[in-house]
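Tertiary structure, described
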Amino acid sequence: MRKINNIEKMIGVLLVCMLSGGCGFAGNGEIGQEKKEASFAKEITDTVEGEPIISVVYTTNDFAVSYPDIPSLAEHSEVIVYGEVEQIHYMVEENGYCYTKEEVRILKPIKGGYKEGDRILVSKEQGLISVQEYLDSFPGAAEEEMSPAISASDFNRADHIYVEKRGRNDIMSKKGQKGIYFLGKSSSYDTDQSYCRLTEEEAEYIEYRENEFVQTAELGMAEQLPAAAGGDEEGLTFSVYSLEEMIETIGNAAEPMT
């Protein structure tokens, strides 16, 4: 693992300030929310393993409604599946809007008419973006803003410096991750048939251990506690469900919406 030098730190700090102030995930928090139509769209396909993630930019989704329990999530979801992440696509569009689309293989359909083995696309308000990819999404404007502090030669490193962006209580997706998704149609459903989590991290239960499911938001909150407590995870407790308990709790709400 290589060390991050001072120039990379400077680039990261400036990028975080720009990300925090000028772009970000869509903010009204409604399912199927409209986001700006972009003439520029790029899938980030290069691997980032071993590359430095300089900073994590936390975002807040202000949803008009909240679904505080599993039955209410189930009632308002169009699709509910137990699935496994097979592929992750980090996306960036014009003006630095970044997000993730993940391919999910359905292990058990619960609501929505899909079959075991089907694959669906799930869009998440999280992303991993390099400095260079961020700059490229702004036809020159972002680089001009940063150039007084950083020489042109330093930008040659910008495609190997990353900033992670996600909700404060969210968990970044990983290939092989399994969980139960409570889904609605995304804003781009008509073009790519993708879904989104009903209320982001509140509407996903990750398989934390085999047949032990914990709400992503709960895991995300707990993820920050050990760091504040010197890394000691002892004493953390979660509301844990088995798959059978989840389906039983969902109950009649798992029937297709009419």
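Let me sum up the structure you'll find in this document.

What counts and what doesn't
- Residues numbered from 1 in each chain as written.
- Predicted model: local features only at pLDDT ≥ 70, side-chain atom pairs only at ≥ 80, totals over all residues.
- Heavy atoms only, no water.
- Helix = DSSP H or I, 4+ residues; strand = E, 2+ residues; numbered from the N terminus.
- Buried < 20%, exposed > 50% of the residue type's maximum accessible area, 1.4 Å probe, protein only.
- Contact = heavy atoms within 4.5 Å.
- Areas by Shrake-Rupley, 256 points an atom, 1.4 Å probe, with all protein chains shown as cover.
- Salt bridge = Lys/Arg side-chain N within 4 Å of Asp/Glu carboxyl O.
- Pairing = 2+ DSSP bridges.
- Phe/Tyr/Trp six-rings, centres within 6.5 Å; stacked < 30°, edge-to-face > 60°.
- Core = buried A, V, L, I, M, F, W, Y, C linked by side-chain atoms within 4.5 Å.
- Polar contact = N/O pair within 3.5 Å; in protein donor to acceptor, adjacent residues only side chain to side chain.

With respect to the overall build of the protein chain
Across its full length, the protein chain carries seven helices and eleven strands. By residue count, 48% of the 258 residues in the protein chain fall in the buried class. In the protein chain, the proportion of contacts linking residues at least 24 apart, taken out of those at least 6 apart, comes to 74%. Total accessible area computed for the protein chain in this model is approximately 13,100 Å², and 48% of it derives from carbon and sulfur atoms.

Remarks on the pattern of salt bridges
When charged atoms on two side chains of opposite charge get close, those side chains can pair. Enumeration according to the criterion identifies twelve salt bridges in this entry. Among the ionic pairs, Arg105 bridges to Glu84, the shortest N-O distance being 3.0 Å. Of this pair, Arg105 sits in strand β4 (residues 98-111) while Glu84 sits in strand β3 (residues 79-93), placing them 21 residues apart in sequence.

Focus on the pairing of strand β7 (residues 162-167)
Most of β7 sits inside the fold, with six of its six residues counted as buried. Here strand β6 (residues 127-130) runs beside β7; their pairing, made up of four bridges, is antiparallel. When the sheet's bridge partners are listed, Leu128 is paired in β7 with Glu164.

Quick word on the packing of aromatic side chains
A full pass over the atoms with the stated rule returns seven aromatic pairs. Relative to Phe238, the ring of Tyr208 lies with its centre 5.2 Å away and its plane at 70°, an arrangement referred to as edge-to-face. On the criterion of sequence distance, the pair formed by Tyr208 in strand β10 (residues 204-209) and Phe238 in the loop between α6 (216-228) and α7 (243-250) is long-range, its members being 30 residues apart. The class of Tyr208 is partly exposed, set by a relative accessible area of 33%.

Side note on the nonpolar core
Counting 17 residues, the largest nonpolar core has Ile180, Phe182 and Tyr205 as its most contacted members. Elements with a contribution of two residues or more to this core: α2 (70-76), β3, β4, β8 (178-185) and α7. Discounting chain neighbours no more than four positions away, the residues touching Tyr205 are Ile70, Leu73, Lys178, Gly179, Ile180, Phe182, Phe213, Val214, Gln215, Thr216, Tyr241 and Met246.

Describing the side chain of Glu200
By secondary structure assignment, the location of Glu200 is in the loop between β9 (194-197) and β10. Of the polar contacts made by the side chain of Glu200, one reaches the side chain of Arg197; its length is 2.5 Å. Beyond its immediate chain neighbours, meaning those up to four positions away, Glu200 contacts Asn61, Phe63, Lys124, Glu125 and Asp170.

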